[in-house]
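Structural characterization, general
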Amino acid sequence: RQVAWSLSNLGPALRASGRNDEAAACYERAIAILDDIDDRVHQAAARTNLGNLYLNTDQYEAARVMYEQAEQVFREVRDLVRLASITTNLSLVYRQLGEPDRAAHYADASVHFNRQIGNHNGVINALNCLAEAHLDANRDDEVAALLDEAWTLLQPVQDEPGAALLLTDLRANQERLA
């Protein structure tokens, strides 16, 4: 188990240094080890890491597979924190795959999970993902209310870490709506 965790934790450092093939190999080995010892939760976390690598290297179908396998485990164990994150990632993947309705489904789930765990910035980000999915599907009438809610939530935390990126994303979507 320790070897698998080490391999899974080595992946982000390899990714940061541009060694994506080595990172993928670490994640894949970690997944295999965790499968052998039937540690499904940590295997799902390793799949999430591999999905992140795939998402960031435009391998959207491979990312979708990893994320959906991880999501199933996180639902079974009711890990709301990881569900909040994985549903956001699935929304991003489905947008890239040209499936805005599926993207909206996962973004809506992410809003729900982030609210349950009290992740304020996560709610804002998920609302923005939901707005993007609706924009992609030409459902502009639903977007304004989502962006207004996200703006309202962002105001009290606009100076916190990560808020600048959320602000930039919200502005971009407001411009798309205009």
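Located above this text is the structure these notes cover.
Residues numbered from 1 in each chain as written. Predicted model: local features only at pLDDT ≥ 70, side-chain atom pairs only at ≥ 80, totals over all residues. Heavy atoms only, no water.

**Side note on the overall build of the protein chain**
As a reminder, the rule being used: Segments assigned H or I by DSSP are reported as helices when at least four residues long, segments assigned E as strands when at least two residues long, and all are numbered from the N terminus. In this description the radius of gyration comes from C-alpha coordinates, and the expected globular size is given by 2.2 Å times residues to the power 0.38. Buried means the residue's accessible area, taken with a 1.4 Å probe over protein chains only, is under 20% of the maximum for its type, while exposed means over 50%, and partly exposed covers the values in between. Note on definitions: a residue-residue contact is assigned when non-hydrogen atoms from the two residues lie within 4.5 Å. Computed with a 1.4 Å probe, the accessible areas rest on the Shrake-Rupley method; for each residue, only the protein chains presented here act as cover. Positive charges come from Lys and Arg alone, negative charges from Asp and Glu alone, with His and the N- and C-terminal ends not counted. Here the site of a charge means atom NZ of a Lys, CZ of an Arg, CG of an Asp or CD of a Glu.
Counting secondary structure elements, the protein chain contains nine helices and zero strands. Listed N to C, the secondary structure of the protein chain is α-α-α-α-α-α-α-α-α in terms of helices and strands. Taken over the C-alpha trace, the protein chain has a radius of gyration of 17 Å; the compact-globule value for 178 residues is 16 Å, and the two agree within 12%. Taken over the C-alpha atoms alone, the protein chain extends approximately 50 × 30 × 30 Å along its principal axes. Scored against the burial criterion, the 178 residues of the protein chain give a buried share of 47%. The contacts of the protein chain with a sequence gap of at least 6 include a subset with a gap of at least 24, amounting to 52%. When the accessible surface of the protein chain is split by element, carbon and sulfur atoms take 48% of a total near 9000 Å². Both charge centroids of the protein chain, one from 16 positive and one from 27 negative side chains, sit 5 Å from each other.

**Things to note about the pattern of salt bridges**
The condition that has to hold: By definition here, a salt bridge exists when the distance from a side-chain nitrogen of Lys or Arg to a carboxyl oxygen of Asp or Glu is within 4 Å.
The tally for this structure, following the rule as stated, stands at 11 salt bridges. In this structure, arginine 19 and glutamate 22 form a salt bridge, with 2.8 Å as the shortest nitrogen-oxygen distance. You can call glutamate 22 partly exposed: its relative accessible area is 40%. The shortest N-O distance in the salt bridge between glutamate 71 and arginine 75 comes to 2.9 Å. Taken together, the residues glutamate 71 and arginine 75, both in helix H4 (residues 60-76) and four residues apart, mark about one turn of the helix. Given a relative accessible area of 8%, glutamate 71 falls into the buried group. The partly exposed category is assigned to arginine 75, whose relative accessible area is 39%. Shared partners join several salt bridges into a network, and the residues in it are Glu61, Arg64, Glu68 and Arg102.

**Here we look at helix H2 (residues 20-36)**
Note the following rule: The span expected for a helix works out to 1.5 Å for each residue beyond the first.
For H2, which comprises 17 residues, the first-to-last C-alpha distance of 24 Å matches the rise-based estimate of 24 Å (1.5 Å per residue) to within 8%. When H2 is considered as a whole, its buried residues turn out to be Ala23, Ala24, Cys26, Tyr27, Ala30, Ile31, Ile33 and Leu34. If you follow the buried residues of H2, they end up packed against helix H1 (2-16), helix H3 (40-56) and H4. Looking one or two residues beyond H2, the residue adopting positive phi is aspartate 38, at roughly 60°.

**A short note on the packing of aromatic side chains**
To be explicit about the condition: The pairing test for Phe, Tyr and Trp rings, Trp by its six-membered ring, is centres within 6.5 Å, and the orientation test on the planes gives stacked under 30 degrees, edge-to-face over 60, and tilted for anything in between.
In total, this model carries one aromatic pair according to the counting rule given. Judged by centre distance (5.7 Å) and plane angle (0°), the ring pair of tyrosine 94 and tyrosine 106 falls under stacked. Of this pair, tyrosine 94 sits in helix H5 (residues 80-96) while tyrosine 106 sits in helix H6 (residues 100-117), and the two are 12 residues apart along the sequence. Neither tyrosine 94 nor tyrosine 106 differs from the other in exposure class; each is buried.

**Considering unusual backbone geometry**
Note: most residues except glycine have negative phi, and most peptide bonds are trans. Unlike most non-glycine residues, aspartate 58 shows phi in positive territory, near 60°. Although it is not a glycine, arginine 78 sits at a positive phi angle of roughly 55°. With respect to the helices, strands and loops of the structure, arginine 78 is situated in the loop between H4 and H5. Assessed through its relative accessible area of 68%, arginine 78 is described here as exposed.

**Some points on the environment of glutamate 68**
To be explicit about the condition: Polar contact is defined as a pair of N or O atoms within 3.5 Å, subject to the rule that within protein one atom must be able to donate a hydrogen and the other to accept it, and that residues adjacent in sequence are counted only when both atoms are side-chain atoms.
For glutamate 68, the location among the structural elements is in helix H4. With sequence-adjacent residues up to four places away left out, glutamate 68 is seen in contact with Leu90, Tyr94, Arg102 and Tyr106. Within the structure, the side chain of glutamate 68 is placed 2.4 Å from the side chain of arginine 64, a separation counted as a polar contact.

**Describing the nonpolar core**
The following threshold applies: Here, nonpolar core refers to any group of buried Ala, Val, Leu, Ile, Met, Phe, Trp, Tyr and Cys residues whose side-chain atoms link them within 4.5 Å.
Among the nonpolar cores identified, the biggest contains 53 residues, and Leu50, Tyr67 and Leu170 are the most heavily contacted of them. Looking at this core, the elements that each hand over two or more residues are H1, H2, H3, H4, H5, H6, helix H7 (120-136) and helix H8 (140-154). Dropping the residues within four chain positions of it, leucine 170 is found in contact with Ile124, Asn128, Leu147, Ala150, Trp151 and Leu154.

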